[in-house]
Amino acid sequence: MSFLVTIGAGFARIMYQMGQLELKVNTVWDFLIRRGQVELVNTGWGTKHSPFKLTTTVFESILPLISDIVKFYAELIKKKPDINERDLFIAIESNFGERLVERICLPMKVQLGACVIAVMEACKIATEQTKEGSDNAGKT
């Protein structure tokens, strides 16, 4: 019996430590996203309001580079409509990180996550415009 209690206590401790690890990892991702937003504001790419606003110039300059990412974003939002910013950031970085470094981060001299956040915001704008366009097309 004491063996089962020992195993149960050990299992509870492991679960607690895993929860603590998840919290720490989430905190690091949240930190990275906030620093990317600061970088966007400091470079003049956006303004920090609620929600974050991307400047038109940056949107127009990166949109041609990310048409495939916009498709990925739209499919991801369709599959997971309640996805949070952190998981969206991770999904885009995981799938397109190297390409973003080459196409956006290096040429535009940003490094703290600003390019991923700019892409996330551009994807939001592009899909909203596409949705509005298809909604208006149905009304004519």
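Everything numeric here is computed off the predicted structure, so don't read it as measured data. (Residues numbered from 1 in each chain as written. Predicted model: local features only at pLDDT ≥ 70, side-chain atom pairs only at ≥ 80, totals over all residues. Heavy atoms only, no water.)

Enquirer: Explain the overall build of the protein chain to me, please; I cannot follow it from the model alone.
Expert: Tallying secondary structure elements over the protein chain gives 5 helices and 2 strands in all. Sequence-ordered secondary structure for the protein chain, helices as α and strands as β, is α-β-β-α-α-α-α. Over its C-alpha trace the protein chain gives a radius of gyration of 20 Å, far above what one expects of a compact globule, namely 14 Å for 140 residues. Principal axes of the C-alpha set define a box for the protein chain whose edges measure 70 × 40 × 30 Å. Across the 140 residues that make up the protein chain, the buried fraction comes to 30%. (Helix = DSSP H or I, 4+ residues; strand = E, 2+ residues; numbered from the N terminus. Rg over C-alpha atoms; globule rule 2.2 N^0.38 Å. Buried < 20%, exposed > 50% of the residue type's maximum accessible area, 1.4 Å probe, protein only.)

Enquirer: Help me understand the confidence of the model for the protein chain in this model?
Expert: Should pLDDT be low for a region, the predicted coordinates there are not to be read in detail. The share of residues in the protein chain with pLDDT of 70 or more is 94%, and the mean pLDDT across the chain is 84. The least confident element of the protein chain is helix H5 (residues 114-139), whose mean pLDDT is 79; the most confident is helix H3 (residues 67-79), at 94. (pLDDT = per-residue confidence, 0-100.)

Enquirer: Any chance you could explain the state of the cysteines here in plain terms?
Expert: By definition, a disulfide links the sulfur atoms of two cysteine residues through a covalent bond. A full pass over the atoms with the stated rule returns 1 disulfide. Covalent S-S linkage joins Cys-105 and Cys-115, the inter-sulfur distance amounting to 1.9 Å. With Cys-105 in helix H4 (residues 85-108) and Cys-115 in helix H5, the pair connects residues that are 10 residues apart, well separated along the chain. Residue Cys-105 is classed as buried on the basis of its relative accessible area, which comes to 8%. Overall, Cys-115 belongs to the buried group, its relative accessible area being 5%. No disulfide involves Cys-123; its nearest neighbouring cysteine sulfur is the one of Cys-115, lying 12 Å away. Given a relative accessible area of 0%, Cys-123 falls into the buried group. (Disulfide = S-S within 2.5 Å.)

Enquirer: Explanation requested: the packing of H3 against H4 in the structure shown.
Expert: Between two packed helices, both the angle of their axes relative to each other and the distance between the axes serve to describe the pair. Running from amino to carboxyl end, H3 crosses H4 at an angle of 180°, the nearest separation of the two axes being 11 Å. Here H3 lies roughly antiparallel to H4, going by the angle between them. In contact with Asp-68, Ile-69, Phe-72, Tyr-73 and Leu-76 of H3, H4 contributes Leu-88, Ala-91, Ile-92, Asn-95, Phe-96, Arg-99, Leu-100 and Arg-103. Of the residues belonging to the contact of H3 with H4, the class tally is 9 nonpolar, 1 polar and 3 charged. (Axes fitted to C-alpha atoms, helices over the stretch in contact; angles between N-to-C directions. Parallel < 35°, antiparallel > 145°, perpendicular 65-115°, else oblique. Contact = heavy atoms within 4.5 Å. Nonpolar A, V, L, I, M, F, W, Y, C, P; charged D, E, K, R; others polar.)

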